[in-house]
Amino acid sequence: EVLGSARTWRALGQTLAQAAAGTALSVVLGVPAAFVLYRLRFRGRAALRGLLTVPFVLPTVVVAVAFRAVFGPGGPLAFLGIDGSFVIIVLALAFFNVTVVMRTVGGFWAQLDARPEQAASCLGASPARVWWTVTLPALTPAIASAAALVFLFCATSFGIVLVLGGREFQTIETEIYRLTVQYLDLRGAAVLSILQLVIVAAAIGVAVIVFMSAL
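Engineer: Can you walk me through the packing of aromatic side chains in this structure?
Structural biologist: In total, this model carries eight aromatic pairs according to the counting rule given. Relative to F71, the ring of F67 lies with its centre 5.7 Å away and its plane at 25°, an arrangement referred to as stacked. Placement of the pair is F67 and F71 together in helix α3 (residues 60–71), with a separation of four residues, close to one helical turn. Both residues of the pair, F67 and F71, count as buried. Look at F95 and F96: their rings are 6.3 Å apart centre to centre, the planes differ by 75°, and that puts the pair in the edge-to-face class. Its relative accessible area of 35% is what places F95 among the partly exposed residues. Classification of F96 as buried rests on a relative accessible area of 7%. The rings of F67, F71, F95 and F96 are connected pair by pair, giving a single aromatic cluster. Above the plane of the ring of Y38 lies R49, whose end atom (NZ or CZ) is 3.9 Å from the centre.

Engineer: Would you explain the nonpolar core in this entry?
Structural biologist: In a soluble, globular protein the nonpolar side chains are often hidden away together inside. Membership of the largest hydrophobic core comes to 42 residues, with the highest contact counts inside it found for I89, V105, I160, L164 and I172. Listing elements by their share of this core, those giving two or more residues are α1 (6–38), α3, α4 (86–110), α6 (127–155), α7 (159–165), α8 (172–182) and α9 (186–214). Excluding its chain neighbours within four sequence positions, the residues that come into contact with I89 are Q18, I160, V161, L164, G165 and F169.

Engineer: Looking at this model, I keep getting lost on the packing of α1 against α4. Mind explaining?
Structural biologist: Any two packed helices are characterised by how steeply their axes cross, that is the angle between the axes, and by the distance between the axes. One way to put it is that α1 packs onto α4 with a least axis distance of 5 Å and a crossing angle of 40°. Here α4 runs oblique to α1, going by the angle between their axes. With respect to the hand of their crossing, α1 and α4 are arranged in right-handed fashion. Tallied by class, the residues present in the contact of α1 with α4 amount to 23 nonpolar, seven polar and one charged.

Engineer: Whenever I open this one, the pattern of salt bridges confuses me. Can you help?
Structural biologist: Pairing between side chains of opposite charge can happen when the charged atoms of each approach one another. All told, the structure shown has five salt bridges when counted by the stated rule. The closest approach of N and O atoms between R7 and E175, which form a salt bridge, is 3.0 Å. Highlighted residues: R7 in helix α1 and E175 in helix α8, separated in sequence by 168 residues. A residue is classified by how much of its surface remains accessible, and R7, at 30% relative accessible area, is partly exposed. Here R178 makes a salt bridge to E175, at a shortest N to O gap of 2.9 Å. Pair noted here: R178 and E175 are both in helix α8, with a separation of three residues, about one helical turn. Comparing R178 with E175 shows no difference in burial state: the two are buried.

Thresholds applied
Residues take numbers from 1 onward in each chain, read along the sequence in its written order. Note on the predicted model: pLDDT of at least 70 is required for a residue's local features to be given, and 80 or more for side-chain atom pairs to be given and counted; whole-chain, interface and lining totals, by contrast, use all residues. As a rule here, side-chain values cover all heavy atoms of the structure and leave hydrogens and water aside. Between 30 and 60 degrees the pair is tilted, below 30 it is stacked and above 60 it is edge-to-face, where a pair is any two Phe, Tyr or Trp rings, Trp via its six-membered ring, whose centres lie within 6.5 Å. Helix numbers and strand numbers start at the N terminus; a helix is a DSSP run of H or I with at least 4 residues, a strand a run of E with at least 2. Buried residues are those whose accessible area, probed at 1.4 Å on protein chains only, stays under 20% of the maximum for their type, while exposed residues exceed 50% and partly exposed ones sit between those limits. Whether a charge lies above a ring is judged from NZ of Lys or CZ of Arg, which has to be within 6 Å of the ring centre and within 35 degrees of the ring normal. What makes a nonpolar core is a set of buried Ala, Val, Leu, Ile, Met, Phe, Trp, Tyr and Cys residues whose side-chain atoms join them at distances within 4.5 Å. In this analysis, two residues are considered to be in contact whenever any of their non-hydrogen atoms come within 4.5 Å of each other. Axis definition: a line fit to C-alpha positions, over the contact stretch in the case of helices; interaxial angles, taken between N-to-C directions, run 0 to 180 degrees. When describing relative orientation, an angle under 35 degrees is termed roughly parallel and one over 145 degrees roughly antiparallel, while 65 to 115 degrees is termed roughly perpendicular and anything else oblique. By convention the crossing between two helices is left-handed if the near helix lies anticlockwise of the far one by an angle smaller than a right angle, and right-handed if it lies clockwise. Throughout, the ten residues Ala, Val, Leu, Ile, Met, Phe, Trp, Tyr, Cys and Pro are labelled nonpolar, Asp, Glu, Lys and Arg are labelled charged, and all others, Gly among them, are labelled polar. A pairing counts as a salt bridge when a side-chain nitrogen of Lys or Arg comes within 4 Å of a carboxyl oxygen of Asp or Glu.

Below, the structure is given as structure tokens:
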């Protein structure tokens, strides 16, 4: 009955959509941050790394309330009209997880041998071509690992979706909460928990396949 419910499949679709979007935005922002903080040398770099770690350790409810205060009614960015939308959920998820990408990719990037990039440049390759043909393939295992972790964090996010999404944006996590607390339907919640485990296992499996193929 649970798997035959349209609400369940809607929650599943929203879970995968917000996790995929949050992961993509985290990678897009995290890889450049990794380059700046792990490949460039400048004063205050260590302090900036520590500062960018703070969002990841903040309670999810605190961050969600802060986003609501900034983007919600009466907030300084309320004119953007994204309060209670899919966009604000993705932004909040990326706010948390950029650090994961930055540290995972950056730590790997700092250990890479720079000579292949230098050789490609000496042979006339443009910076863009060096990135696509030398640097990015070398970083693929780290990016895949970081993306898998971020996807799991996003797919299992509870506080962010509950506070910022309300009843319109339900995920597997919030559905488990609703069935357990509001309806005392422990059997239905158990089914969704198993479905959540399947999602987690699938994400890990994809990450392992990508990681092994890149080695």
